[in-house]
Amino acid sequence: MTVSTQAPPAPARPAGDPGPGSATGPGAGLDPGELDGLRTVRARHPWRWAAGAAALVVLVQFLHGLATNPAWDWATFRLYFTADTILQAIGRTLELTAYGTVLGFALGAVVAAMRLSRSAILRTLAWAYVWVFRSIPLIVQLVFWFNLSYLYKRFGFGIPFGPTFGDFETVGVLGALGAAVLGLGLHQAAFAAEIIRGGVIAVDAGQREAAAALGIPRGRQAWRIVLPQAMRSILPAAANEVISLLKGTSVVYVMAIGELFYQAQVIYGRTGRVVPLLMVATVWYVVLTTVLSIGQYYVERYFSRGARRTPPPTPLQRLRAFLRSLPARTSGGTP
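Below you will find a few notes about this structure. What you see is a predicted model; the values in this text were computed from it and never measured.

Turning our eyes to something else, we now look at the overall build of the chain. Secondary structure summary: the chain contains 14 helices and 2 strands in total. Looking at the chain as a whole, 27% of its 335 residues are labelled buried. Counting contacts in the chain only where the partners sit at least 6 residues apart, residues at least 24 apart contribute 66% of the total. A total of about 22,800 Å² of accessible surface is found on the chain, and carbon and sulfur atoms cover 64% of it.

Now the structure itself:
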């Protein structure tokens, strides 16, 4: 038996095929001088421009209606926009938001740790807490806590199922503001727990395994390795929840607490100017949400340092770069 060393014949190539070594493409067979004479034409998108123009027309019509329709009553809007009662109501809104955020995320961190625990009892209790407080509407929870003194006249401290060492009246401790903070915090904790748990389980398990192999204590693993990486997943959803809580404080109007929406209701109930007072509340909610969104951007930028060598530019830095590139753009050069 013999083995042939002669290379097999090349397969037949269809007519017109230049072969693997031949130059192909729009510039194949052209001299460099001929390529310099070619003109580049930008792609045209007529439907994109038509859609943009239609959107601008709708926006201009809406703004024209805001400026010319007397029913908006901008004089009343300017009168009450910075009124003392409105500014005090904004302070109460921010107060409720701060208390609800601190209580909600502090308790949510505990519930998230329970859900991640190896104890079946703790996991079940944490799951039940999240299930209950996510199922019941916030307004129902607030009304329930506001009427807690109807169910329990007094609270006491002592041995479980045994004697008490002291007690106090529920109505004297848990007033309207206390019930609102408690309801907002407990409601927020259920969502915060899932946000924190989702951020923790998003961290690669190999990070914890490597830290354990190096002998790093579990507490230091969580604080220095897991948490900084989990924050990049936690922050967007957490900031969204804080903004939702800011707007959700309007629900406490059922408890006659003088937050922004309740105060707007009181004023338009007295003056009959419903639309301008609603616009006062709306614009202030937009302003507060914008401030929180700006804070969210910078906090996320801070925690992105571990994932990027260079943090993304801020809007001010982007504006400066655009202004510096304007001379090159207007002169036709490369920016």
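Still more ground to cover, so stick around.
Under the defined criterion, the tally for this structure stands at 9 aromatic pairs. Pairing Phe81 with Trp284 gives two aromatic rings, centres 4.7 Å apart and planes at 10°, and the pair type is stacked. In this pair, Phe81 sits in helix α3 (residues 74-81) while Trp284 sits in helix α13 (residues 274-303), placing the two residues 203 residues apart along the sequence. Measuring from centroid to centroid gives 5.7 Å for Tyr253 and Phe261, while their planes differ by 85°, and the two rings are edge-to-face. Taking relative accessible area as the criterion, Tyr253 reaches 34% and is therefore assigned partly exposed.

A few words on the environment of Asp73. Tracing the backbone shows Asp73 in the loop between α2 (46-68) and α3. For the pair Asp73 and Val275, spaced 202 residues apart in sequence, the C-alpha to C-alpha distance is 7.7 Å. Sequence-distant contacts of Asp73, defined by excluding residues within four places in its chain, comprise Arg273 and Pro276. A polar contact of 2.7 Å, which involves the side chain of Asp73, links it to the side chain of Thr76.

Time to look at α3. Buried residues of α3: Thr76, Phe77, Tyr80 and Phe81, and no others. Down the axis of α3, the sector holding all buried residues measures 125°, keeping them to one side. In α3, the exposed positions that point more than 90 degrees away from the buried face belong to Arg78 and Leu79. If you follow the buried residues of α3, they end up packed against α4 (84-115), α12 (260-271) and α13.

Next up on the list: a nonpolar patch on the surface. A cluster of nonpolar residues, Trp127, Trp131, Val132, Ile136, Ile139, Val140, Val143, Tyr253 and Val254, forms a patch on the protein surface that exposes about 760 Å² of accessible area. Taken together, the elements giving at least two residues each to the nonpolar patch come down to α5 (120-135) and α6 (138-146). Tracing the sequence through the fold places Trp127 in helix α5. Overall, Trp127 belongs to the partly exposed group, its relative accessible area being 47%.

In this section: the nonpolar core. In this structure, Leu96, Tyr129, Leu142, Leu184 and Val252 are the most contacted members of the largest nonpolar core, which totals 34 residues. At the level of secondary structure, the elements contributing two or more residues to this core comprise α4, α5, α6, α9 (176-201) and α11 (218-248). Looking at this core, the element that brings in the most residues is α9, giving 11 residues. Filtering out sequence-adjacent residues up to four positions away, Leu184 remains in contact with Leu96, Leu138, Leu142, Leu245, Thr249 and Val252. Ranked by size, the runner-up nonpolar core spans 18 residues in total, among them Phe77, Ala83, Ala281 and Trp284.

We now examine unusual backbone geometry. One can expect most non-glycine residues to show negative phi and most peptide bonds to be in trans. Unlike most non-glycine residues, Asp73 shows phi in positive territory, near 55°. The phi dihedral of Ala256 is positive, around 60°, even though this residue is not glycine. By the element assignment, Ala256 lies in the loop between α11 and α12.

Turning our attention to the pattern of salt bridges. Taken as a whole, this structure holds 4 salt bridges when the rule is applied. As a salt-bridge pair, Glu95 and Arg92 come within 3.0 Å of each other at their nearest N and O atoms. Here the residue Glu95 and the residue Arg92 both occupy positions in helix α4, the gap between them amounting to 3 residues, near one helical turn. Given a relative accessible area of 25%, Glu95 falls into the partly exposed group.

Here we come to the packing of α12 against α13. Where α12 contacts α13, the axes come no closer than 8 Å and their chain directions differ by 165°. Taken as axis vectors, α12 and α13 run roughly antiparallel relative to one another. The element α12 and its partner α13 pack so that their crossing is right-handed. Across from Leu260, Phe261, Ala264, Ile267, Tyr268 and Thr271 in α12, the residues of α13 making contact are Val274, Leu277, Leu278, Ala281, Trp284 and Tyr285. Here the residues of the contact of α12 with α13 sort into 11 nonpolar, 1 polar and no charged.

For the rest of this paragraph, the subject is the environment of Ala264. Assignment of secondary structure puts Ala264 in helix α12. By relative accessible area, which is 1% here, Ala264 ends up buried. In this view, Ala264 contacts Leu277 and Ala281; residues no more than four positions away in its chain are not counted.

The next thing to look at is the environment of Gln141. Relative to the elements of secondary structure, Gln141 occurs in helix α6. A sequence separation of 41 residues divides Gln141 from Leu182, and the C-alpha atoms of the two residues are 9.5 Å apart. If we skip the residues at most four places from it in the chain, Gln141 touches Phe133, Ile136, Gly183 and His187. Among the polar contacts made by the side chain of Gln141, one reaches the main-chain carbonyl oxygen of Phe133 at a distance of 3.2 Å.

Cut-off values and rules
Residues numbered from 1 in each chain as written. Predicted model: local features only at pLDDT ≥ 70, side-chain atom pairs only at ≥ 80, totals over all residues. Heavy atoms only, no water. Helix = DSSP H or I, 4+ residues; strand = E, 2+ residues; numbered from the N terminus. Buried < 20%, exposed > 50% of the residue type's maximum accessible area, 1.4 Å probe, protein only. Contact = heavy atoms within 4.5 Å. Areas by Shrake-Rupley, 256 points an atom, 1.4 Å probe, with all protein chains shown as cover. Phe/Tyr/Trp six-rings, centres within 6.5 Å; stacked < 30°, edge-to-face > 60°. Polar contact = N/O pair within 3.5 Å; in protein donor to acceptor, adjacent residues only side chain to side chain. Arc of directions from axis to C-beta. Patch = residues over 30% accessible without salt bridge, like charges linked within 9 Å, V, L, I, M, F, W, Y side chains within 5 Å. Salt bridge = Lys/Arg side-chain N within 4 Å of Asp/Glu carboxyl O. Core = buried A, V, L, I, M, F, W, Y, C linked by side-chain atoms within 4.5 Å. Axes fitted to C-alpha atoms, helices over the stretch in contact; angles between N-to-C directions. Parallel < 35°, antiparallel > 145°, perpendicular 65-115°, else oblique. Left-handed = near helix turned anticlockwise from the far one by under 90°. Nonpolar A, V, L, I, M, F, W, Y, C, P; charged D, E, K, R; others polar.

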